[in-house]
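# Geometric and topological summary
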Amino acid sequence: MSTKQEKIQELIAMQKKFTEYEHKNGLDPQDYYAPQAGHELDGYKEKYHDMAMDVMQIAHDEIGSKR
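Source: prediction; values computed, not measured.

### Remarks on the packing of helix α1 (residues 4–25) against helix α3 (residues 44–63)
- Here α1 crosses α3 at 150 degrees, and the two axes come no closer than 10 Å. In terms of orientation, α1 lies roughly antiparallel with respect to α3. Crossing handedness for the pair α1 and α3: left-handed. In this structure, α1 contributes Lys 4, Lys 7, Ile 8, Glu 10, Leu 11, Met 14, Gln 15 and Phe 18 to the contact, and α3 contributes Tyr 44, Lys 47, Tyr 48, Met 51, Ala 52, Asp 54, Val 55, Ile 58, Ala 59 and Glu 62.

### Some details on α1
- For α1, built from 22 residues, the straight-helix expectation of 32 Å at 1.5 Å per residue is met to within 8% by its first-to-last C-alpha distance of 31 Å.
- Listed as buried for α1 are Lys 7, Leu 11, Met 14, Phe 18 and Tyr 21. For α1, the buried positions fall inside an angular range of 85 degrees around the axis, keeping them on one side. Those residues of α1 that are exposed and aimed more than 90 degrees away from the buried face are Lys 16, Glu 20, His 23 and Lys 24.
- Elements in contact with the buried residues of α1: α2 (29–33) and α3.
- Phi for Gly 26, located one or two positions after α1, is positive at around 75 degrees.

### Some details on the packing of aromatic side chains
- In this structure the tally under the stated criterion is five aromatic pairs.
- A ring pair is formed by Phe 18 and Tyr 44, whose centres lie 5.2 Å apart and whose planes are at 15 degrees; its orientation type is stacked. Of the two residues, Phe 18 sits in helix α1 while Tyr 44 sits in helix α3, which places them 26 residues apart along the sequence.
- On the basis of relative accessibility, which here comes to 15%, the residue Phe 18 falls in the buried class.
- Geometrically, the ring pair formed by Tyr 44 and Tyr 48 is stacked, given 5.9 Å between the ring centres and 25 degrees between the ring planes. Within this pair, Tyr 44 and its partner Tyr 48 are both found in helix α3, separated by four residues, close to a single helical turn.
- For Tyr 48, a relative accessible area of 22% corresponds to the partly exposed category.
- Here a set of aromatic residues connected by ring pairs shows up, and it is made of Phe 18, Tyr 32, Tyr 33, Tyr 44 and Tyr 48.

Scoring rules and cut-offs
Residues numbered from 1 in each chain as written. Predicted model: local features only at pLDDT ≥ 70, side-chain atom pairs only at ≥ 80, totals over all residues. Heavy atoms only, no water. Axes fitted to C-alpha atoms, helices over the stretch in contact; angles between N-to-C directions. Helix = DSSP H or I, 4+ residues; strand = E, 2+ residues; numbered from the N terminus. Parallel < 35°, antiparallel > 145°, perpendicular 65-115°, else oblique. Left-handed = near helix turned anticlockwise from the far one by under 90°. Contact = heavy atoms within 4.5 Å. Expected span 1.5 Å × (residues − 1). Buried < 20%, exposed > 50% of the residue type's maximum accessible area, 1.4 Å probe, protein only. Arc of directions from axis to C-beta. Phe/Tyr/Trp six-rings, centres within 6.5 Å; stacked < 30°, edge-to-face > 60°.

Structure (structure tokens):
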């Protein structure tokens, strides 16, 4: 399992890749919210959300708080 810092670094890399895609191609909401299978953004939103939630849970666990 990845550490919190590794997950944060992967999130940053995903953000950079997304920004590069957006600058190069523009962004059609369809491509972000419901991309076709095989599209460069296929699964991006879900993966990013899941990883961000993992990081948040790890942070809560570290300080003993609950969300």
